[in-house]
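Structural overview
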Amino acid sequence: KNKDSKDVKKLVAVKQDVPLEYLTKFIEKLLPEVMHHRNKLRLFRNTKKMFMGFFECIYMDVDFAENLTIDIKWEPQSLHWCKKQVTIHSGIVKTSDGQKTYHPYVSDSREHDQPFVSIALHKMLSTTVTYEENVILLESDNCSGQYKSAEHFNDLQKLSNEEDKTVIRFYGVEGHGKGEVDHVGGMA
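Everything in this summary refers to the structure shown in the same document. None of the values given here were measured: they were computed from a predicted structure.

1. Here we look at the pattern of salt bridges
Taken as a whole and assessed by the stated rule, the structure comprises four salt bridges. When the shortest N-O distance is used, the salt bridge between K94 and E180 registers 3.8 Å. Placement of K94 in strand β3 (residues 85–94) and of E180 in helix α5 (residues 180–187) is noted, with a sequence separation of 86 residues between them. For E180, the salt bridge goes to K100, with nearest N and O atoms at 2.8 Å. Here the residue E180 occupies a position in helix α5, and K100 occupies one in strand β4 (residues 100–107), the gap between them amounting to 80 residues.

This is how it looks when you write it as structure tokens:
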């Protein structure tokens, strides 16, 4: 029951001795979903390589890192319980001539919002040494808040107009993370 005395469901880990037959049925039930996701991921990765081969393009992969806590070595005990969190917007830029650059941008706001994405995208393009490509391929995860909002598509149209480039937007497989872009934020 919650504080209003209403019944609610809550997942709780339960330890239970079960026979091997139970485990086999559990895995059989779960396996098709796992295989479907794995096959989608493999198809996406193979198709992405082929798709990128059609263009002389600049490729940008972007994602938010989780809100990270900044630890201070040898911190006083008074700081132990009030650690500050930051947000890191990670990005990788690859040009068709083989240049690859990593772009972590740190914000003290924990909001994963579109204005921060727009600033990061502009900064990523402005700090790329040279690029002659006429197409910008932009990949990210399936987050609806910062990467699928109307504001985001408006900002992409502005970016396309400012850079005089075609912007092609595509999304990775849902529920999948920990690609190369995720390591940029972790390393930063």
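2. A closer look at the pairing of β4
For β3 and β4, the ladder comprises eight bridges, and the chain directions are antiparallel. Along β4, the bridge assignment pairs H89 with Y105.

3. Things to note about the nonpolar core
Core analysis: the biggest nonpolar cluster contains 17 residues, and M60, V62, L121, M124, L125 and L138 have the highest contact counts within it. Of all the elements in the fold, those that place two or more residues in this core are β1 (57–64), α2 (114–127), β5 (135–140) and α4 (150–163). Examining the composition of this core, we find that six residues originate from one element, α2, more than from any other. Apart from residues lying up to four places away in sequence, L138 is in contact with M60, V62, L121, H152, L156, I168, R169 and F170. The next biggest cluster of nonpolar side chains, apart from the first, holds eight residues, and it includes F44, V135, L137 and V173.

4. Thoughts on the packing of aromatic side chains
Inspection of the entire model under this criterion finds four aromatic pairs. Ring geometry for F44 against F170: centres 6.3 Å apart, planes inclined by 45 degrees, an arrangement best described as tilted. Remark: F170 occurs in strand β6 (residues 166–171) and F44 occurs in helix α1 (residues 20–52); sequence separation between them is 126 residues. Among the residues examined, F44 registers a relative accessible area of 18% and is labelled buried.

5. Considering the pairing of β5
For β5, the buried fraction is high: six of the six residues fall into the buried class. Burial of β5 is two-sided: the residues V135, L137 and E139 facing one way and the residues I136, L138 and S140 facing the other way are all buried. As judged from the five bridges shared by β1 and β5, these two strands associate in the parallel manner. Paired with Y59 across the strands is L137, a residue of β5.

6. Here we look at the environment of R38
Tracing the backbone through its elements, the reader meets R38 in helix α1. Between the C-alpha atom of R38 and that of V173, which follows or precedes it by 135 residues, the distance is 9.7 Å.

7. Focus on α5
Along α5, the positions that sit buried rather than exposed are V181, V184 and G185. Buried positions in α5, seen along its axis, are confined to an arc of 90 degrees and lie on one side of it. When the buried face of α5 is taken as reference, the exposed residues oriented beyond 90 degrees from it are G186 and M187. Contact partners of the buried residues in α5: β1, β2 (68–69), β3 and β4.

8. Regarding the environment of H122
Positionally, H122 belongs in helix α2. Judged by its relative accessible area of 30%, H122 is partly exposed. With 41 residues separating them in the primary sequence, H122 and E163 have C-alpha atoms 9.9 Å apart. When sequence neighbours within four positions are dropped, the list of residues in contact with H122 reads L159 and E162.

9. So, the environment of L159
By the element assignment, L159 lies in helix α4. When its relative accessible area of 3% is taken as the criterion, L159 is described as buried. Among residues more than four places away in sequence, those in contact with L159 are H122 and L125.

The rules behind the values
The residue count restarts for each chain, going from 1 along the sequence in the order it is written. Selection of residues for local features in this predicted model requires a pLDDT of at least 70, selection of side-chain atom pairs for listing and counting requires 80 or more, and totals for whole chains, interfaces and linings are taken over all residues. Hydrogens and water are ignored here; the side-chain numbers use all heavy atoms of the structure. Only one rule defines a salt bridge in this text: a Lys or Arg side-chain nitrogen within 4 Å of an Asp or Glu carboxyl oxygen. Per the convention used, a helix needs a DSSP run of H or I reaching at least four residues, while a strand needs a run of E reaching at least two, with both numbered from the N terminus. A pair of strands is considered paired only if DSSP assigns at least 2 bridges between the two. The term nonpolar core refers to a set of buried residues drawn from Ala, Val, Leu, Ile, Met, Phe, Trp, Tyr and Cys, joined through side-chain atoms within 4.5 Å. Remark: exposure states derive from per-residue accessible area (1.4 Å probe, protein chains only) relative to the maximum for the residue type, with buried under 20%, exposed over 50%, and partly exposed in between. Contact between two residues is taken to exist if any of their heavy atoms lie within 4.5 Å; hydrogens are not considered. For this analysis, a ring pair means two rings from Phe, Tyr or Trp (six-membered ring only for Trp) whose centres lie within 6.5 Å, classed as stacked if their planes differ by under 30 degrees, edge-to-face if by over 60, and tilted for the remaining angles. What the arc covers is the set of directions going from the helix axis to the C-beta atoms.

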